[in-house]
Amino acid sequence: MATFNVDDGYLEGLCRGYRSGILKTTDYANLTQCDILDDMKLHLAQTDYGDFLANESKLTPTLIAEKCREKLINEFFHLRAHAVEPLATFLDYITYGYMIDNIVLLITGTLHERDTSELIEKCHPLGMFDAMATLSMSHNVSDLYHSVLVDTPLAPYFVNCLSEEDLDEMNIELIRNTLFKAYLEDFYHYCQTLGGTTAEVMGDLLKFEADRRSITITINSFGTELTKDDREKLYPEIGFLYPEGIARLAKAEDIEQVRGAIDYCGAYRNLFQETSFNADKSLEDAFFEYEVELNKLAFEQQFHYGIYYSYLKLKEQEIRNIVWISECVAQNMKSQINQYIPIF
């Protein structure tokens, strides 16, 4: 703690400054009063987003989302460019989740004989890496698999979890969840090696993410061909539910048994209760709301790296909110416009 500011003080201050620019309740009140997208442009210009839409004459929700994301990515890369170890590695770990999504997209395209160079354009910028152009030259799954092993930081996850044959035979969502399981466990253990407040804050955030994935995988598996044994292999071996709750989830056969499996964990029990009494709120929305609260708490402590992860997650939720409001405005669905998740 005494030497934290020597290497990381400037970036922590910068990240907290970025966090102060997150939209407030009054900003959302103004946005929800807009009748056309140009009105939203004017209101957003008065926030930290500034004139990011100044050169755009024909606005669409997709364009607004793209420009919001572009601003966030520029901020993240600015932080990464000025980071030194171990913060630099920590920020790289954050990008690995996006890399997994990008590679899964490329695998899907390759299996369906799509032009991978077109798919590259649809990849998330935070998940891009130097050898992405090399991957676009892959003409089959075998080439793609070996390119990933050689050219990406995800190689350990592939080597330990998937074989070349798996890419041809496994359902694409099984591949995604298998990789995410390995990634979350690796990221969690790395944060624990950093120790201190970073280990505490990131431990809670990654445990929640692991639990959310486990619960979601369980619910989505009902009515599919996925066996209980195969499902259990997809659960991360970390989390507030691990190991007792995970063992119960592995045996669950319907939503009521899922409720029973997580009932001993007060936070998750409350999330399920909220969705039971509110037909307009899905479990996914309840998880997003809880995630926002966890990420806000990260900023209550100092001298740790969790704020970078939390800032990114809060901004992604803010972008989802802006996109939702812009879609409602564009489609004249004002009755649904307040179904966003406020942050501050």
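Residues numbered from 1 in each chain as written. Predicted model: local features only at pLDDT ≥ 70, side-chain atom pairs only at ≥ 80, totals over all residues. Heavy atoms only, no water.

Trainee: So what's going on with the side chain of Thr32? Residues and values would help.
Mentor: Its place among the elements puts Thr32 in the loop between helix 2 (25-31) and helix 3 (37-45). On the basis of relative accessible area, Thr32 is assigned to the buried category, the value being 9%. With sequence-adjacent residues up to four places away left out, Thr32 is seen in contact with Ile325, Lys334, Ile337, Asn338 and Tyr340. (Helix = DSSP H or I, 4+ residues; strand = E, 2+ residues; numbered from the N terminus. Buried < 20%, exposed > 50% of the residue type's maximum accessible area, 1.4 Å probe, protein only. Contact = heavy atoms within 4.5 Å.)

Trainee: Which residues make up the pattern of salt bridges, and what values do they have?
Mentor: Scanning the model with the defined rule gives 22 salt bridges in all. In this structure, the salt-bridge partner of Glu75 is Lys71, at a minimum N-O distance of 2.6 Å. Residue Glu75 and its partner Lys71 are located together in helix 4 (residues 61-81), separated by four residues, close to a single helical turn. Note on accessibility: Glu75 and Lys71 belong to one class, buried. Note that Arg248 is salt-bridged to Glu244, the shortest N-O span being 2.7 Å. In this pair, Arg248 and Glu244 both sit in helix 14 (residues 244-251), four residues apart, roughly one turn of the helix. Taking the relative accessible area as the measure of exposure, Arg248 reaches 35% and is therefore partly exposed. Given the relative accessible area of 43%, Glu244 is considered partly exposed. (Salt bridge = Lys/Arg side-chain N within 4 Å of Asp/Glu carboxyl O.)

Trainee: Mind laying out the packing of aromatic side chains, listing which residues take part and the relevant values?
Mentor: Within the structure shown, the criterion is met by 19 aromatic pairs. A ring pair is formed by Phe90 and Phe187, whose centres lie 5.5 Å apart and whose planes are at 55°; its orientation type is tilted. Within this pair, whereas Phe90 is found in helix 5 (residues 87-111), its partner Phe187 is found in helix 11 (residues 172-194), the two being separated by 97 residues in sequence. We note that Phe90, like Phe187, is buried. Ring centres of Tyr93 and Phe187 lie 5.2 Å apart, and the angle between their planes is 10°; this geometry places the pair in the stacked category. Separated by 94 residues along the polypeptide, Tyr93 in helix 5 and Phe187 in helix 11 bring together distant segments of the chain. One cation-aromatic arrangement involves Lys71 over Tyr49; the distance from NZ or CZ to the ring centre is 5.6 Å. (Phe/Tyr/Trp six-rings, centres within 6.5 Å; stacked < 30°, edge-to-face > 60°. Lys NZ or Arg CZ within 6 Å of the ring centre and 35° of its normal.)

Trainee: Describe helix 4, listing the residues and the values that go with them.
Mentor: In this model, helix 4 (21 residues) spans 30 Å end to end at C-alpha, consistent with the 30 Å of a helix rising 1.5 Å per residue. Within helix 4 the residues assigned to the buried category are Pro61, Leu63, Ile64, Ala65, Lys67, Cys68, Lys71, Leu72, Ile73, Glu75, Phe76 and Leu79. In this structure, the buried residues of helix 4 make contact with helix 1 (4-20), helix 3, helix 5 and helix 18 (306-330). (Expected span 1.5 Å × (residues − 1).)

Read these as geometric descriptors, not functional statements.
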